[in-house]
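Architecture and fold: a report
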Amino acid sequence: MVKTRESWGSRIGLVLAAAGGAVGLGNFLRFPGVAAQNGGGAFMIPYFIAFLFLALPLSWLEWTMGRYGGRHGHGCAPGIFDAMGLRRHPALKYLGVFGITGAVGIFFYYLYVESWTLAYSVFALTGKYSGITSPNEMGAFLGSYLSGSGKYFHGHGPAYVCFLITFVSNFLIVYHGVNKGIERFCKFAMPSLFIMAILLIARVFTLDAPIKPEWNINQALGYLWNPDFSVLKSGKVWLEAAGQVFFSTSVGIGALLTYATYIKSKDDALLSATSAAFLNEFAEVVLGASIVVPAAYIFFGPEGTSSAVSGGTFGLAFKTTPLIFNHMPGGAIAGFAWFFLLFISGITSAVSIMQPGIAFLEDEFRISRKHSIAALGIVAFLVSQAVIFGDCVVDELDFWFSSFGLPLFGCIEVLVFITVWGGDRGWAELNRNADIRLPKFARLIIYYFTPVFLLAILLGWLATDGWKTIILKKSVDGQLVDLYTPQQLPWVIGTRIFYFGFIALVCWLVNRAWKKNYRIGH
């Protein structure tokens, strides 16, 4: 007997929640930086090809498989895959383990990073960093905040208080359930996020060029969007575009798969999936590209902006943007709005990646939501202590759960869909109750192009950067050198042991849940 499960209250609530799970730092910081470094407007060619041939089809598959799993009482990948195989293929449920560990593993460290944006929104209002004038000094400010030592902070108190507020905020939202918690929050949070982003864009577009007249908004937009078509000859640019689309749309995490299990069996999965994906693209291409990089150009010019975007997502977020607001009239209010925007987008993402773990305990172990949240909360809190006080723990968790784990699980999802459901059954389920049926050429994309794209991302990443991190090396001036210091190695090795141990633990829990469910006839 399948127990009655929660469901989304409205399509708009579902779309906003799904888009909220995807919209985050990657949209507002990583995308404009990657685009500026990889041909500007020309980058959009491989970017949109990757969106149409990779992210959108994979999103359709996740929503379709999720809806099917929810119809059979399952809210996470192990149960969904097992139901798709009609309980005849025992290995399928273990492949689904990566749809839990990936989402929950990212949540373990994402909470802490999310809390930084809350802290910086407060710092903007209080003027804590207002006297800093250089990127190096702003980097020292961030380092002092995280370490609790140095010139600006004397202890972990501020960082830990912000972490606790963030931790409690996330769990309060999910405590109230999918409909009354996540959906209700996202109905408020997502419109608020878009309004704040539009107001910030209006402020950036009306800025004068205080340093040099030629560093104006027109030149700033040209810096970002003027195409350099010569970069299209580089395989690295195509890989960067595919990777950006993959990670920014949140496919391969397991969160969208779980969200889709809460739609009604008669609902159209394709339209909701497409709407959420395009809403994320709007946030990324239109809003995300119109704030930080143009503002950086106005104050720092082409060379300073190039240096900023080469510093990566965290560097752009916590070293460059505070300096921008220090230069901007009314910068305290703008800085608060910017970092609070990132904080809200962080919450909408965090609650989505919590849900696969909660759904697993609720649906497979028949544990109440309250006790499921308590169990996940205890584990997350304990792991977060290593994240906060450890060295390089965030980098290692991000490598294994995100950089490696997401494309791996994406490949697994596509292969399960193709091999278990085959051509006709899978295509029929995709178009089930669809308001607008997919054209026939989409079948070619889903069954042939998307798997190739996914494998290219995974193998290309492993061939270029992944293998170096796995063997604890990095490339400097063409030479392989140690990635970590001897003092950092115990934390790194401990984190890797945790990664594999966590996967083994979830496999064991899946085994126990299935034995229990078969005994009681579920």
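Just above sits the structure.
A brief structural summary. Keep in mind that what you see is a predicted model, and the values were worked out from it rather than measured.

So, on to the packing of helix α3 (residues 44-71) against helix α11 (residues 235-248). Closest axis-to-axis distance for the α3/α11 pair is 8 Å, and the angle between their directions is 40°. When the axes of α3 and α11 are compared, the pair comes out oblique. Judged by the sense of rotation from one axis to the other, the crossing of α3 with α11 is right-handed. Residues Pro 46, Tyr 47, Ile 49, Ala 50, Phe 51, Leu 54, Ala 55 and Leu 58 of α3 lie in contact with α11, whose contacting residues are Val 237, Trp 238, Ala 241, Ala 242, Gln 244, Val 245 and Phe 246. By residue class, the composition of the contact of α3 with α11 is 14 nonpolar, 1 polar and no charged.

Moving on, we get to the packing of helix α2 (residues 25-37) against helix α15 (residues 312-327). Contact pair α2 / α15: the axes reach a minimum separation of 8 Å and the direction vectors enclose 95°. Classed by the angle they form, the pair α2 and α15 counts as roughly perpendicular. On α15, the residues touching Leu 25, Leu 29 and Arg 30 of α2 are Thr 313, Phe 314, Leu 316, Ala 317 and Thr 321. Counted by class, the contact of α2 with α15 contains 5 nonpolar, 2 polar and 1 charged residues.

For helix α10 (residues 217-225), the complete set of buried residues consists of Ile 217, Ala 220, Gly 222 and Leu 224. Lining the buried residues of α10 we find α2, α9 (177-205) and α14 (292-309). Where α10 begins, the side chain of Asn 216 points an oxygen toward the backbone nitrogen of Asn 218, at a separation of 3.1 Å.

Attention now goes to α2. Its 13 residues give α2 an end-to-end C-alpha distance of 17 Å, which sits within 8% of 18 Å, the value for a rise of 1.5 Å per residue. The sharpest bend along α2 comes to roughly 30°, located at Phe 31, with the proline Pro 32 sitting one to four residues further on. Of all 13 residues that make up α2, 10 are buried, and the element is covered over most of its length. Here α2 has its buried residues at Leu 25, Asn 27, Phe 28, Leu 29, Phe 31, Pro 32, Gly 33, Val 34, Ala 35 and Ala 36. Gly 39 sits one or two positions beyond α2 and adopts a positive phi of about 95°.

Using the criterion set out here, one finds 55 aromatic pairs in the structure. For the pair Phe 318 and Phe 339, a centre-to-centre distance of 6.2 Å together with 15° between the ring planes defines the contact as stacked. Taken as a pair, Phe 318 in helix α15 and Phe 339 in helix α16 (residues 331-365) lie far apart in primary sequence, 21 residues in all. Given the relative accessible area of 0%, Phe 318 is considered buried. Measuring from centroid to centroid gives 6.2 Å for Phe 401 and Phe 502, while their planes differ by 75°, and the two rings are edge-to-face. In this pair, Phe 401 is assigned in helix α18 (residues 393-430) and Phe 502 in helix α20 (residues 489-519), connecting sequence segments 101 residues apart.

As a further point, take the nonpolar core. As a rule of thumb, nonpolar side chains are buried together in soluble globular proteins. The biggest cluster of nonpolar side chains holds 186 residues, and the ones touching the most others in it are Phe 28, Trp 63, Phe 81 and Trp 338. Each residue touching Phe 28, except ones within four places of it in the same chain, is listed here: Val 23, Leu 193, Ala 197, Ala 283, Leu 287, Gly 288, Ile 291, Val 292, Trp 338, Leu 341 and Leu 342.

Another aspect to go through is the pattern of salt bridges. Under the counting rule described, the total for this entry stands at 14 salt bridges. The partner of Glu 183 in a salt bridge is Lys 187, with the nearest N and O atoms 3.7 Å apart. Taken together, the residues span about one helical turn, with Glu 183 and Lys 187 both in helix α9 at a distance of 4 residues. Assessed through its relative accessible area of 39%, Lys 187 is described here as partly exposed.

What counts and what doesn't
- Residue numbers restart at each chain and count upward from 1, following the sequence in its written direction.
- Selection of residues for local features in this predicted model requires a pLDDT of at least 70, selection of side-chain atom pairs for listing and counting requires 80 or more, and totals for whole chains, interfaces and linings are taken over all residues.
- Side-chain measures were taken over the full set of non-hydrogen atoms in the model, leaving aside hydrogen atoms and water.
- Between N-to-C directions, angles cover 0 to 180 degrees, with each direction set by a line fitted to C-alpha atoms, over the stretch in contact for helices.
- Helix numbers and strand numbers start at the N terminus; a helix is a DSSP run of H or I with at least 4 residues, a strand a run of E with at least 2.
- Working rule for angles: under 35 degrees goes down as roughly parallel, over 145 as roughly antiparallel, 65 to 115 as roughly perpendicular, anything else as oblique.
- A crossing counts as left-handed when the near helix is turned anticlockwise from the far one by less than a right angle, and as right-handed when that turn is clockwise.
- By the convention used here, residues are in contact when the closest approach between their heavy atoms is within 4.5 Å.
- Three categories are distinguished: nonpolar for Ala, Val, Leu, Ile, Met, Phe, Trp, Tyr, Cys and Pro, charged for Asp, Glu, Lys and Arg, and polar for the others, with Gly belonging to the last.
- Only protein chains enter the area calculation, which uses a 1.4 Å probe; residues under 20% of their type maximum are buried, those over 50% are exposed, and those in between are partly exposed.
- Definition of a polar contact: a pair of N or O atoms within 3.5 Å, with one able to donate and the other able to accept a hydrogen when the atoms are protein atoms, and with sequence-neighbouring residues admitted only if both atoms are side-chain atoms.
- For a helix, the expected span equals 1.5 Å multiplied by the residue count minus one.
- The angle separating two fitted axes, one through the seven residues that finish at a residue and one through the seven that start at it, defines the bend at that residue.
- Only centres within 6.5 Å qualify two rings of Phe, Tyr or Trp (six-membered ring in Trp) as a pair; their planes then separate them into stacked at under 30 degrees, edge-to-face at over 60, and tilted for everything else.
- As used here, the term nonpolar core means buried Ala, Val, Leu, Ile, Met, Phe, Trp, Tyr and Cys residues forming a set that is joined through side-chain atoms within 4.5 Å.
- For salt bridges, the criterion is a side-chain nitrogen of Lys or Arg within 4 Å of an Asp or Glu carboxyl oxygen.

That is the geometry; function is a separate question.
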